[in-house]
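# Examining the three-dimensional arrangement
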Amino acid sequence: AILFTLNSVVLLCWNIIDPLRWERVPMDDMSWNTYGTCRSANKDVGDGFWAAIAMINVGALILSCLQAYKARNHSDEFSEARGIGIAMFSWFQLATVGIPVTLLLKETDTKARYFVHIGLTFAICTSLLVSIFFPIWKKKNEYDKTGSKRSSTLHISGVTLSVNQRRIIASAQSIA
């Protein structure tokens, strides 16, 4: 709720102080060849609001990484820290490739810019959803039809027994 409120306040202030306006811009000084874009009337004000939104969301990203790091020793059954870590690593890789590619594209090459922006948005959203929900789906499928969890280890009073250790104990008991 806090992140949503902060983003909403910054965007509302941006729309009140310096709203984006639709402009038709000629390409290569040819008046008949144009593309449309939304721009702030004052570039410095627009850049300031972009920086504010970036700082808020990067700050939230850093806080989520810190919380995931603190929760790294919790049971995997209740923790998505690993999934968040994988998502953050994926985002770092996407930013390492996507930002330079976006900066290298000419502003007038609208089809390539659009394709790169849509591709990055899809990859970022998909990496988060897959890294969070795939392990949950996988754990759900570990439960058989009776509802009991199939586990390779057994924890009793601080003693951990693997499947092989339990088989050895069971066979030793059957021999005795």
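This one's a predicted model, so the numbers in the text were calculated from it and none came from an experiment.

Turning next to the packing of helix α3 (residues 81-104) against helix α4 (residues 110-142). Contact geometry for α3 and α4: axes closest at 8 Å, N-to-C directions at 170 degrees. The angle between the axes of α3 and α4 places the two elements in the roughly antiparallel class. Residues G83, I84, I86, A87, S90, W91, L94, G98, V101 and T102 of α3 touch α4, and the partners they reach there are R113, V116, H117, L120, A123, I124, S127, L128, S131 and I132. A per-class count over the contact of α3 with α4 returns 12 nonpolar, seven polar and one charged.

Using the criterion set out here, one finds two aromatic pairs in the structure. Ring plane angle 10 degrees and centroid distance 5.7 Å describe the contact between W14 and F49, whose orientation is recorded as stacked. Taken together, the positions of W14 in helix α1 (residues 2-17) and F49 in helix α2 (residues 43-70) put the pair 35 residues apart, joining distant regions of the chain. By the burial criterion, W14 is buried, and F49 matches it. With centroids separated by 5.6 Å and ring planes inclined at 75 degrees, the aromatic side chains of W14 and W50 adopt a geometry described as edge-to-face. Pair noted here: W14 is in helix α1 and W50 is in helix α2, with a separation of 36 residues, a long-range link. Looking at W14, the relative accessible area reads 6%, which means it is buried. Here a set of aromatic residues connected by ring pairs shows up, and it is made of W14, F49 and W50.

How each quantity is defined
Residues numbered from 1 in each chain as written. Predicted model: local features only at pLDDT ≥ 70, side-chain atom pairs only at ≥ 80, totals over all residues. Heavy atoms only, no water. Axes fitted to C-alpha atoms, helices over the stretch in contact; angles between N-to-C directions. Helix = DSSP H or I, 4+ residues; strand = E, 2+ residues; numbered from the N terminus. Parallel < 35°, antiparallel > 145°, perpendicular 65-115°, else oblique. Contact = heavy atoms within 4.5 Å. Nonpolar A, V, L, I, M, F, W, Y, C, P; charged D, E, K, R; others polar. Phe/Tyr/Trp six-rings, centres within 6.5 Å; stacked < 30°, edge-to-face > 60°. Buried < 20%, exposed > 50% of the residue type's maximum accessible area, 1.4 Å probe, protein only.

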